[in-house]
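Inside the fold
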Amino acid sequence: MSTSSNVLSEEQFLCSICLDVFTEPVSIPCGHNFCKACIREYWSSTTLCQCPLCKDTFNRRPDLKTNTTLREVADHFKRMKVTDREESSSKPGEVAQVQQMIQERLQKVKEIKLSVELSQRDAEREIAGSVEVFTALVRSIERSQGEVIEEVEEKQKAAERQAEGLIEELEQEITELLRRGTELDHLHQNSPSLIKDWSEISIHRDLHVGTVRRALSQLDDTLLKEIEKLCDPELRRLRQWSVDVTLDPDTAHCKLIVSEDRKQVSYGDIRQILPDLPERFDSYLSVLGKEGFSSGRFYFEVQVRGKTEWQVGVARESIIRKGPTAVSPDGGLWALYMTGESKYEIKDTPPISLFLSQKPQKVGVFVDYEEGQISFYDVENRSHIYSFTGCSFTEKLYPYLNPCDNEGPNSAPLVISPDNHTD
């Protein structure tokens, strides 16, 4: 062939059965393509419904739908072959360019199909994981329910045994009293020593206080363990969207010290003489990341070790820089706050106090722009802390750090962790 053969090989458009350019091409489940008539004839001639190339076998004959993209490309290729023969010397550069564009689009089709396939695999893994978790929870609930029922029934049986013993004793005394009923004088003389005082004896109803609550508390522990098991693979998946965050000194409050590599920020006590830029915070001890994000997903980690007060999260581009900064999503800030030793808070409307079983040493921040989600993780303890969901983002989002002042003591810097995760 002429110039076009350097870009697209004819083999890409040949049916492996008839060895000719595709006519009404169809795709079968394994991903291979054939002329519709060819694959029908092939399946009619064999007992197994399988792919002629890879030999994948199908339980039932797949529905054959025309691959319209491949059909259009194959038809165009046929025309190009004719054009090549007729005008091979007229516009070789233009022909090559068109063929290159076709090749690029075919490659994009492959990429999209691969993306869908990978998404399907992720979905299947997620479904399998959820089935495993919920099955374990259902078993735990059933086991706890059985234990509660057994405990209540055993207490009831014990009460019944006690009642039966008392009734038997009472009946014996009634029999004795009946026998002595006609001997009143004798009864008055001997009853104090022979007859029991029953006035203070009774069967107390067991209210089963705390029985179900204790069982639910145990279930709560089981649920937390299952959540912890899920968080580890979740964090590993999130790290595929790790970004290399560097801080923007032009946004840093003049009492903050940004390291030379722009990976650390700490409080410096003394106000530095810096240009009063529009983007610089002048009231809050804050600094933003250099790069903003207006689509997709991104993830970064910040070391908070050794601190008693800090703020970590993301802020929208239009967050107020001069004067008091709005510290909630309404003002364009989504952050996790440590407000004192073992005190954590989300500045939502209204604020949400968090009770963390362990003190985070490193905080992971994940943002899904299109889904409107911002999540915080305790990286070293492999646990989820909090998620904002249902947010609507319309501007760039920037990583946000606030090391707060040194009261506490609180002099340790906030440190952005490198994004070259291998675990």
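Structural data are supplied above this passage.
Below you will find a few notes about this structure. The model shown is predicted, which means the values in this text are computed figures rather than measured ones.

Details of the sheet that holds strand E6 (residues 297–303)
Overall, antiparallel pairing links the seven strands, which are arranged E3-E4-E15-E6-E11-E12-E13 in an open sheet. Pairing within the sheet leaves two strands with one partner each, and these edge strands are strand E3 (256–258) and strand E13 (383–388). Along the sheet, successive strands turn relative to each other by an average axial angle of 20 degrees, direction set aside. With five bridges connecting them, strand E12 (residues 373–378) and E13 associate as antiparallel partners. Bridging across to E13, Tyr377 finds its partner in His384.

Re the pairing of strand E8 (residues 333–340)
Among the eight residues that make up E8, seven are buried, leaving the element largely enclosed by the rest of the structure. The pairing of strand E7 (residues 310–316) with E8 spans six bridges and is antiparallel. Paired with Val312 across the two strands is Leu336, which belongs to E8. Relative to strand E9 (residues 343–346), E8 is paired through four bridges, and the arrangement is antiparallel. Opposite Met338, over in E9, you have Tyr344 as the bridge partner.

Notes on the side chain of Gln50
Note on placement: Gln50 falls in the loop between helix H1 (36–44) and helix H2 (68–87). Leaving out residues up to four positions away in the same chain, Gln50 has contacts with Tyr42, Trp43, Lys55, Asp56, Thr57 and Phe58.

Points about the packing of aromatic side chains
The description of an aromatic ring pair uses the distance of the two centres, along with the angle that the planes make with each other. Here the structure, examined in full by the defined rule, presents eleven aromatic pairs. Judged by centre distance (4.6 Å) and plane angle (25 degrees), the rings of Phe13 and Phe77 are stacked. Here Phe77 lies in helix H2 and Phe13 lies in the segment before strand E1 (25–27), a separation of 64 residues in the sequence. Per residue, the accessibility class of Phe13 equals that of Phe77, and both read buried. Relative to Phe388, the ring of Phe376 lies with its centre 6.3 Å away and its plane at 70 degrees, an arrangement referred to as edge-to-face. Highlighted residues: Phe376 in strand E12 and Phe388 in strand E13, separated in sequence by twelve residues.

Thoughts on the nonpolar core
Considering soluble globular proteins, one finds that nonpolar side chains tend to be buried as a cluster. The biggest cluster of nonpolar side chains holds 38 residues, and the ones touching the most others in it are Trp310 and Ile374. Counting 22 residues, the second-largest nonpolar core is a separate cluster that includes Val21, Phe34, Cys38 and Leu70.

Some words on the pattern of salt bridges
Counting across every chain of the model gives 13 salt bridges. Here Glu24 and Arg71 are joined by a salt bridge, their closest N and O atoms 3.8 Å apart. Of this pair, Glu24 sits in the segment before E1 while Arg71 sits in helix H2; the two residues are 47 residues apart in sequence, bridging distant segments of the chain. Using a relative accessible area of 31% as the deciding quantity, one classes Glu24 as partly exposed. On the basis of relative accessible area, Arg71 is assigned to the partly exposed category, the value being 28%. Across the pair Asp276 and Lys322 runs a salt bridge whose closest N-O atoms are separated by 2.8 Å. Of this pair, Asp276 sits in the loop between strand E4 (264–267) and strand E5 (287–288) while Lys322 sits in the loop between E7 and E8, and the two are 46 residues apart along the sequence.

Each value, and the rule that gives it
- Residues numbered from 1 in each chain as written.
- Predicted model: local features only at pLDDT ≥ 70, side-chain atom pairs only at ≥ 80, totals over all residues.
- Heavy atoms only, no water.
- Pairing = 2+ DSSP bridges.
- Helix = DSSP H or I, 4+ residues; strand = E, 2+ residues; numbered from the N terminus.
- Axes fitted to C-alpha atoms, helices over the stretch in contact; angles between N-to-C directions.
- Buried < 20%, exposed > 50% of the residue type's maximum accessible area, 1.4 Å probe, protein only.
- Contact = heavy atoms within 4.5 Å.
- Phe/Tyr/Trp six-rings, centres within 6.5 Å; stacked < 30°, edge-to-face > 60°.
- Core = buried A, V, L, I, M, F, W, Y, C linked by side-chain atoms within 4.5 Å.
- Salt bridge = Lys/Arg side-chain N within 4 Å of Asp/Glu carboxyl O.

As far as function goes, none of this settles anything; it's purely spatial.
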